[in-house]
Amino acid sequence: MKHLSFRRKDAVFFRMFILLFILFMMTGCKKNTELENYKANMNQFFENVKIFDSSINAIDPNSETAVSELLALLDSMDTSFAQMASLEVPDGFPGVAELADEASSCMSEAVSYYHQAYEGGYDASLEDIARQKYERANMMLQYIVSIFRGDIPEELYTSDEGTEEIPESTEPVEE
């Protein structure tokens, strides 16, 4: 009888081991799925940025609708940046969440300044501020791409607390 009892314990242990193994594998798959989803979303974001860039470059500056076309594309780009920043960044990409937030914030500010610069009359100083914000947003994207490739840019450094710092803009921004 003891022998049967031992087999039952083995069977229960074996079933629990299999269950834990399956749960472990599912957890690993979930992480891989999250990573794959994030990569797919980021690839789509970068593809959208390329489309926005080529669409902006295709605007005829002499067209009567050039300003409205530009501002509409910038509004869409701003939305795309906000969506990118809202993605949950999987482990293994240090500082990317903060860089994405900064890129989105800079793009929102740039778009706002572009609207101010072009609506109701042209303002060169506001356009310059908008351009600086736009360039900073793109610099943050370049940092993100570098991190995806496994390179942490020298401009990003780790403080004593172990957090990445986002460098300040090298150009003065007048507000």
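Look above for the structure.
The paragraphs below set out a description of the structure included in this document. The numbers attached to residues start from 1 for each chain and follow its sequence in the written order. Local features are withheld for residues below a pLDDT of 70 in this predicted model, meaning they are given only at 70 or higher, and side-chain atom pairs are given and counted only at 80 or more; totals for whole chains, interfaces and linings count all residues. Values shown for side chains rest on all heavy atoms present in the structure; no hydrogens or waters enter the calculation.

**Side note on the overall build of the protein**
Only runs of H or I of at least four residues qualify as helices and only runs of E of at least two qualify as strands under DSSP, and these elements are numbered from the N terminus. The number of helices and strands found in the protein is four helices and two strands. In sequence order, the protein lays out its α and β elements as α-α-α-α-β-β. The contact criterion used is simple: two residues touch if any of their non-hydrogen atoms lie within 4.5 Å. Once local pairs closer than 6 in sequence are excluded, the contacts in the protein between residues at least 24 apart make up 64%. For the protein, the exposed surface amounts to about 11900 Å²; the carbon and sulfur share of it is 55%. Accessible surface area values rest on a Shrake-Rupley calculation with a 1.4 Å probe, where residue burial reflects the displayed protein chains alone.

**Some words on the nonpolar core**
Counting residues in each nonpolar core, the largest one holds 39 residues, and the members touching the most others are Phe45, Phe81, Met84 and Leu141. For this core, the elements supplying multiple residues, two or more each, are helix H1 (2-57), helix H2 (66-86), helix H3 (96-118) and helix H4 (124-148). Here this core takes 11 residues from H3, the largest share from any one element. Excluding residues within four positions of it along the chain, methionine 84 makes contact with Met42, Phe45, Ala100, Ala103 and Leu141. Remark: nonpolar core denotes a set of buried residues (Ala, Val, Leu, Ile, Met, Phe, Trp, Tyr, Cys) joined through side-chain atoms within 4.5 Å. For the exposure calls, accessible area comes from a 1.4 Å probe over protein chains only, and a residue counts as buried if that area is under 20% of its type's maximum, exposed if over 50%, partly exposed in between.

**Quick word on the side chain of arginine 136**
If you trace the backbone, arginine 136 turns up in helix H4. Judged by relative accessible area, which is 9%, arginine 136 ranks as buried. Under the rule applied, a polar contact is a pair of N or O atoms within 3.5 Å (in protein, one hydrogen donor and one hydrogen acceptor; residues adjacent in sequence only if both atoms are side-chain atoms). In terms of polar contacts, arginine 136 uses its side chain to reach the side chain of glutamate 102, at 3.0 Å.

**With respect to H2**
To estimate how far a helix should extend, the number of its residues minus one is multiplied by 1.5 Å. Counted at 1.5 Å a residue, the expected span for H2 with its 21 residues is 30 Å, and the 30 Å between its end C-alpha atoms agrees. Here H2 has its buried residues at Ala66, Leu70, Leu71, Leu73, Leu74, Met77, Asp78, Ser80, Phe81, Met84 and Ala85.

**Structural notes on the environment of alanine 110**
Examined against the element boundaries, alanine 110 turns out to sit in helix H3. Residue classification places alanine 110 among the buried residues on the basis of a relative accessible area of 0%. For alanine 110 and lysine 133, which are 23 residues apart along the polypeptide, the C-alpha to C-alpha distance reads 4.9 Å. Sequence-distant contacts of alanine 110, defined by excluding residues within four places in its chain, comprise Ala130, Lys133 and Tyr134.

**Section: the pattern of salt bridges**
Here, a salt bridge means any side-chain nitrogen of Lys or Arg that lies within 4 Å of a carboxyl oxygen of Asp or Glu. All told, the structure shown has four salt bridges when counted by the stated rule. Of the charged contacts in the structure, one is a salt bridge between arginine 136 and glutamate 102, with a shortest N-O distance of 3.0 Å. Separated by 34 residues along the polypeptide, arginine 136 in helix H4 and glutamate 102 in helix H3 bring together distant segments of the chain. For arginine 131, the salt bridge identified is with glutamate 135, shortest N-O distance 3.1 Å. Of this pair, arginine 131 and glutamate 135 both sit in helix H4, four residues apart, roughly one helical turn. Exposure remark for arginine 131: the relative accessible area of 30% places this residue in the partly exposed category.

**Quick look at the packing of aromatic side chains**
Here the aromatic set is Phe, Tyr and Trp, taking the six-membered ring for Trp, and pairing holds for ring centres within 6.5 Å; pairs whose planes are under 30 degrees apart are stacked, those over 60 apart are edge-to-face, and all others are tilted. Applying the stated rule across the entire model yields eight aromatic pairs. On the numbers, 6.0 Å between centres and 85° between planes, the contact of tyrosine 38 with phenylalanine 148 is edge-to-face. A residue pair is termed long-range when its members are at least 10 positions apart, and tyrosine 38 in helix H1 and phenylalanine 148 in helix H4 qualify at 110 residues. Seen from their ring centres, tyrosine 114 and tyrosine 134 are 6.5 Å apart, and the 75° between their planes marks the pair as edge-to-face. On the criterion of sequence distance, the pair formed by tyrosine 114 in helix H3 and tyrosine 134 in helix H4 is long-range, its members being 20 residues apart. We classify tyrosine 114 as buried; its relative accessible area is 10%.

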